[in-house]
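Residues per chain are reported as follows:
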Amino acid sequence: MLLIYCPHCQENREEEEFSYGGEAHIVRPLAPEALNDKDWGDYLFFRTNSRGIHHEMWYHAVGCRRYFNATRNTVTYEILETYKTGTQPTITGANS
Amino acid sequence: MSQNRLESHSGVAIDFTFNGKAYQGIAGDTLASALLANGVNVVGRSFKYARPRGIFGHGAEEPNAIVQLGSGAGTIPNLKATQVELYQGLQASSVNGWPSVNFDVMGLIGAFGRLMPPGFYYKTFMYPKKLWMTYEHFIRKAAGLGATPVEADPDCYDKLNQHCDVLVVGAGPAGLVAAREAARTGARVIIADEQSQFGGTLLASKQQVDGIAAPLWVASLVAELMAYSNIQMLPRSTVFGYYDHNFLTILERRTDHLGLISTRGARQRLQRVRAAQVVLATGAFERPLVFAHNDIPGVMLASSVSTYVNRYGVAPGNKLVVFTTNDNAYQTALDWQRIGREVVAVVDTRSNPCGDTVAAVKAMGIEVIAGHGLIEAQGSKRVKRALVAPINEAGTQVTGAVRRLACDLIACSGGWSPAVHLSSHTGAKPEWDASIVGFRPGDSKQQERSAGASRGTFDLMGCLSEGASAGAQAAMLSGYGDGNLQFPAIAVDEYSEQPQQALFLVPHTKTTSRAPSQFVDFQLDVSASGIELAVREGFESVEHVKRYTALGFGTDQGKLGNINGMAILANALDQSIAETGTTIFRPSYTPTTFGAIAGRDVNNLFDPERYTAVHRWHVEQGAQFEDVGQWKRPWYFPKQGETMQQAVDREGLAVRNSVGILDASTLGKIDIQGPDAAEFITRMYTNSYLKLAPGKCRYGVMLKEDGMIFDDGVCACLGDNHYLMFTTTGGAAGVLAWLELWQQTEWPELQVYFTSVTDHWTTATVTGPNARKVIAKVCSDIDLSSDTFSFMDWRDGTVSGVKARVFRISFTGELSYEVNVPAHYGRHIWEALIAAGEEFNITPYGTETMHILRAEKGFIIVGQDTDGSMTPADMNMDWVVGKNKAFSFIGRRSLQRSDTVRSNRKQLVGLKPLNDKEVLPEGAQVVFDAKQKIPMAMQGHVTSSYYSASLGHSIALAVVKGGHKRLGQVVYCPLADGRSIASEIVSSVFYDPKGERHHV
Ligand SMILES: [Zn+2]
């Protein structure tokens, strides 16, 4: 079970307080209708599925109800950092 | 005094039974030591071949002595006799004995079992598939999995969450000194050991430590530790799992040793520990030697023989042969000699053993047969003799004549395997080290370090110094102390040892495939020839061979057999053990009870239950309840003698003909405020809310970005920049998270705030032609006339003296008022409405009638008629999708994807069975041609189906490929019983298709 530092609450909390929000830093296209099916499909369905460094959203569902981002190693499950939505990670891997 | 109990050893007598026979042990015994004291040779039979098996080990590694304790509700299967503490009145039985009843079946299987080669499961069980159920049934019954209690567990279990700075796993020499060094710094320390007593191997050691006998030294150290207030000492506590971020689970057995069905609180406690640092001092398992018929009762591990002699005062035989590849096992010969029993010989595979212990054995006049292998044990239910023969230096061939040694006990040792299990749980990959002939823990993946035998350090001096360093280091890294040792080095006898020989399969005069079985995994009857056969059949990967042969699949998880098995595999593949590698160990380290895992989260505490403010009224009225998420909702309100169908018929007709009342409080309610609220809501729903005025409501559908329906409900404008969003009962939390996601991560510039107010309000839906008359009796300050308060309006007002919001929204198709009051007034308002409606025979109805009424109207229920793959168009709800919205609302682009505009998508239709009293089963598949061959081309499925009392016939909603263009066609639902129900595709709106009734 992961121990996750919420950058809003500024505390380590147990994983069961959070829910997973999927890959972070995916920006919604500003003009979806301008995209063809393939490009819209890429936005909808395709994720990096990184082995190693991965930036992902977490939702402090039963805490502050805020979303934030985490940089997690998908092999070791180590969480290298957490940071607020709208800011950038300080740790990046080959895929980032 | 039992026959094998040493006279020097005494204690309080304890009565127990094994397989129905009465025996006596003494306090401090395990079930295994007590059985050995009583000369019980056979404790079970093996899985495949039904061979008699005896006690082989003395701890978690025991493969044979698997027992079931007690009977009835409190019975416990699958325990190792070596780990069961004896208590007065204990009743144990073998679980892997073939049942004595049912001789015919068992006789057949016994003969069949002889033919069970490796891969048996795949070759036999998987094909023909139809026989699998039969096989599984008898295998489970016959093959040692024990009997599961069928009654509720009478015991209670606890869970405890803890944090600590240093968790020390194992209280042998390394663990004890690690705990002392860590505790000394002030760090919060937990030390856990699976045994009843701390001390590990020292409890059975004849060595001197700091000038005193090892057990006495342990006792004084334990007393010293107990004086620290910052240490928790957990005996009878198995650390069985090491999970992410230094989260470990401990099974603490609190009352098991006191007997079945304890009345003294929790029987077991699951401790969930988050440790800053961990010291793994889990010791090592002695490795058996693989020789022919090494499974006959009377063959044991050398260290186990010594443990029974030294710790329990039990001599499990008379005439001992020691068979070893190393110096360590000579100690067993010395122990046996000391108690005055005969050591026939020590057989050593090495050609010229000459370490200190070897010399001591020779000095006692014991014969040492060097350069020999014990190639075969003989006997049936007990060892009678050992066959010994010279072998070559490499240990691969018998090189001379066979000699017979009469004996009744063989103590074997092939060296020691570090217990790397917990280290492996972290993801660390064990590394082969030829110098210790074993796998050492791999590089740490978490905040842990191994010390002592679990790290491959087997001498006592080394264990003590490593343990102390590990404890000090762990404390320092958790913020305590400077990492320097505080306590002086401990003096122990030192003696020189010679290197051991790496020997994993003892040669026989015959080849492996022709020699009598040389067992590698006793519990699952995996032999050396079986592993070689697997290689001949083409298996190369250790993980595949494991699954093919079942090596290590028993409840001992291969603690004894794995290394030998992998080495034999490596040899057969002509590669090194390091190249072959080991299988991955996973939790649990030893079997863990479901009771402990469940803890108190059982029965009514299994999951939280949510009640509305009117719940007690429903209970008083005899409502039957349905679980909707965590909510308990009234399902229907049966009157005396009514069936469910009769009750819902009555409830439904009451709504259609007069008035009914529904507790709709469970609907999710989200209060939304902020200057950008309307813009935000408009982006989330398919339709627009920009022009929704205060006092107005609108029904909306929410899509995921893929265009699929995700939730629906009414949203009301409460005032400027203030809205109330209703969600489905089950979707409330998900919708709130969804709103937060988009506002926080995509559009933080929109000023809008969300608060869940689901529990703050009681919602009473009054619906039916007489609804207005009922409301009029309890509400005087709202003009109820249809002109001023019309469909999809809401008003503030006072209902029965309580400030209320009244919504004219309808899920039944009838004139409806949803009265919302603060939940504290819930029951008051409910009873006031019931009283006001009495003259109209107001009828409370539950979710079943609600479902029927809405289905009559073709209103969908998200999650029942949709399944995450349905668009609004699929549901024939294009009208809810705003065509001219400026912003591309969530999901809109996906409604134009090639897949979502397909014409043959499954579309919502009504089904009317041709036999109009027949109710289709929900989930039934829809086909166009009932006479086609199986497998049929499935064209859709039934999503909702009921008998409608109002219409006088049954109705169903279904999704059918291209269904919107198939009105009037007949389709079929083939059922499991062979029938096929024909139905006509009709409009999904069965009742009041023009929607006139709710507009009155
Ligand atoms: Zn938080």
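This report concerns the structure included in the present document.

Thresholds applied
- Residues numbered from 1 in each chain as written.
- Chains lettered and ligands numbered in written order.
- Predicted model: local features only at pLDDT ≥ 70, side-chain atom pairs only at ≥ 80, totals over all residues.
- Heavy atoms only, no water.
- Helix = DSSP H or I, 4+ residues; strand = E, 2+ residues; numbered from the N terminus.
- Buried < 20%, exposed > 50% of the residue type's maximum accessible area, 1.4 Å probe, protein only.
- Contact = heavy atoms within 4.5 Å.
- Areas by Shrake-Rupley, 256 points an atom, 1.4 Å probe, with all protein chains shown as cover.
- Lys, Arg positive; Asp, Glu negative; His and termini not counted.
- Charge placed at Lys NZ, Arg CZ, Asp CG, Glu CD.
- Expected span 1.5 Å × (residues − 1).
- Donors = N, O, S within 2.8 Å, 3.2 Å for Na, K, Ca; no water.
- Tetrahedral: all angles 85-135°; square planar, octahedral: opposite > 155°, others 65-115°.
- Buried area = accessible area lost by both parts, 1.4 Å probe.
- Salt bridge = Lys/Arg side-chain N within 4 Å of Asp/Glu carboxyl O.
- Pairing = 2+ DSSP bridges.
- Axes fitted to C-alpha atoms, helices over the stretch in contact; angles between N-to-C directions.
- Parallel < 35°, antiparallel > 145°, perpendicular 65-115°, else oblique.
- Left-handed = near helix turned anticlockwise from the far one by under 90°.
- Nonpolar A, V, L, I, M, F, W, Y, C, P; charged D, E, K, R; others polar.
- Core = buried A, V, L, I, M, F, W, Y, C linked by side-chain atoms within 4.5 Å.
- Polar contact = N/O pair within 3.5 Å; in protein donor to acceptor, adjacent residues only side chain to side chain.

For chain A, the helix and strand inventory stands at one helix and six strands. Ordered by position from N to C terminus, the α and β elements of chain A give β-β-β-α-β-β-β. Along the first, second and third principal axes, the C-alpha atoms of chain A reach 45 × 30 × 20 Å. Looking at chain A residue by residue over its 96 residues, the buried ones come to 42%. Within chain A, contacts between residues separated by at least 24 positions form 48% of all contacts whose residues are at least 6 apart in sequence. Entry remark: accessible area of chain A is about 5400 Å², with carbon and sulfur atoms responsible for 50%. Each charge class in chain A can be summarised by its mean position, and for the 9 positive and 13 negative side chains these summaries are 3 Å apart.

Residues and elements named next belong to chain B. In this model, helix α5 (residues 173-184) (twelve residues) spans 17 Å end to end at C-alpha, consistent with the 16 Å of a helix rising 1.5 Å per residue. Of all twelve residues that make up α5, eleven are buried, and the element is covered over most of its length. Buried within α5 we find Pro 173, Ala 174, Gly 175, Leu 176, Val 177, Ala 178, Ala 179, Arg 180, Glu 181, Ala 182 and Ala 183. Elements that come into contact with the buried residues of α5 comprise β8 (157-169), β9 (189-192), α6 (214-226), β12 (231-234), β15 (268-280) and α11 (460-477).

Right, let's talk about the coordination of the zinc ion for a bit. All names here are of chain A. In this structure, Cys 6 (SG), Cys 9 (SG), His 60 (ND1) and Cys 64 (SG) serve as the protein donors to the zinc ion, at separations of 2.0 to 2.3 Å. Coordination at the zinc ion comes from four donor atoms whose angles at the metal span 106 to 115 degrees, giving a geometry best classed as tetrahedral. The sequence pattern formed by the donor residues of the zinc ion is C-x2-C-x50-H-x3-C. Taken together, the residues span a long stretch of sequence, with Cys 9 in the loop between β1 (3-6) and β2 (11-14) and Cys 64 in the loop between β4 (53-59) and β5 (67-73) at a distance of 55 residues. We classify Cys 9 as partly exposed; its relative accessible area is 32%.

Let's shift gears to the interface of chain B and chain A. Between chain B and chain A, the contact holds 31 residues from the first and 27 residues from the second. Note on chain B versus chain A: buried area summed over both sides is about 2400 Å², and carbon and sulfur give 49% of it. Among the residues chain B hides against chain A, the three largest losses belong to His245(B), Gln744(B) and Arg893(B). Together they make up 28% of the total. Counting across the chain B and chain A interface gives six salt bridges. For Arg28(A), the salt bridge goes to Glu705(B), with nearest N and O atoms at 2.5 Å.

Here we come to the pairing of strand β13 (residues 237-243) of chain B. Residue and element names in this part refer to chain B. Most of β13 is tucked away, with six of its seven residues classed as buried. Here β13 pairs with strand β14 (residues 247-253) via six bridges, running antiparallel. Bridge pairing in β14 links Gly 241 to Thr 249. The hairpin formed by β13 and β14 contains three residues between the paired strands, and His 245 there has a positive phi angle of roughly 55 degrees.

With that settled, the discussion passes to the sheet that holds strand β21 (residues 372-379) of chain B. Residue and element names in this part refer to chain B. One open sheet accounts for three strands, arranged β21-β22-β23; its pairing is antiparallel. What marks the edges here is a single partner per strand, and that holds for β21 and β23 (403-406). Along the sheet, successive strands turn relative to each other by an average axial angle of 30 degrees, direction set aside.

Right, let's talk about the packing of helix α12 (residues 528-536) of chain B against helix α13 (residues 542-549) of chain B for a bit. Residues and elements named next belong to chain B. The geometry of α12 relative to α13 is characterised by a closest axis approach of 10 Å and an angle of 120 degrees between their N-to-C directions. On the basis of their axis angle, the class for α12 and α13 is oblique. Read as a crossing pair, α12 and α13 show a hand that is right-handed. Counting all contacts with α12, which are made through Gly 530, Ile 531 and Ala 534, the residues of α13 involved are Val 545, Tyr 548 and Thr 549. For the contact of α12 with α13, the class distribution of residues is four nonpolar, two polar and no charged.

Okay, the environment of Asn49(A) next. Tracing the backbone through its elements, the reader meets Asn49(A) in the loop between α1 (37-45) and β4. For the pair formed by Asn49(A) and Cys6(A), sequence separation is 43 residues and the distance between their alpha carbons is 23 Å.

Residues and elements named next belong to chain B. Cis peptide bonds are those with omega within 30 degrees of zero, and the linkage from Pro 587 to Ser 588 qualifies with 0 degrees. Among the structural elements, Ser 588 can be located in the loop between α15 (577-580) and α16 (594-598). Following Ile 934, the chain continues to Pro 935 via a peptide bond in cis, the omega torsion being 0 degrees. Counting through the fold element by element, Pro 935 comes out in the loop between β45 (925-926) and β46 (940-948). Positive phi is not limited to glycine here, since Asp 574 has a value of about 60 degrees.

Here the focus is the nonpolar core. Residues and elements named next belong to chain B. Formed by 46 residues in total, the largest nonpolar core has its most connected members in Phe 16, Phe 18, Leu 31 and Leu 90. Per-element accounting of this core gives the leading share, six residues, to helix α1 (residues 31-37). Ignoring any residue separated from it by four or fewer positions in sequence, one finds Phe 16 in contact with Lys 21, Ala 22, Tyr 23, Gln 24, Gly 25, Leu 31, Ala 34, Leu 35, Asn 38, Leu 86 and Leu 90. Val 222, Val 279, Ala 470 and Ile 490 belong to the second largest nonpolar core, which has 36 residues in total.

A few words now on the pattern of salt bridges. Residues and elements named next belong to chain B. One pass over the structure, following the stated rule, counts 52 salt bridges over all chains. A salt bridge links Arg 600 to Asp 158; the shortest N-O distance between them is 2.7 Å. Taken as a pair, Arg 600 in the loop between α16 and α17 (615-620) and Asp 158 in strand β8 lie far apart in primary sequence, 442 residues in all. Several salt bridges share partner residues, and in doing so they unite Arg 51, Arg 53, Asp 295 and Asp 525 into one network.

All right, on to the side chain of Arg905(B) then. All names here are of chain B. Mapped onto the elements, Arg 905 comes out in the loop between α23 (847-856) and β44 (906-913). In this structure the side chain of Arg 905 is engaged in a polar contact, spanning 2.8 Å, whose partner is the side chain of Asp 874. Leave out the neighbours within four places in its chain, and Arg 905 touches Met 708, Ser 869, Thr 871, Asp 874, Asp 899, Thr 900, Val 960, Lys 961 and Gly 962.

Residues and elements named next belong to chain B. Those residues of α13 lying buried are Val 542, Val 545, Lys 546, Tyr 548 and Thr 549. N-capping of α13 is provided by Ser 541, with a side-chain oxygen placed 3.0 Å from the backbone N of Glu 543. Ala 550, located one to two residues past α13, shows a positive phi value of around 75 degrees.

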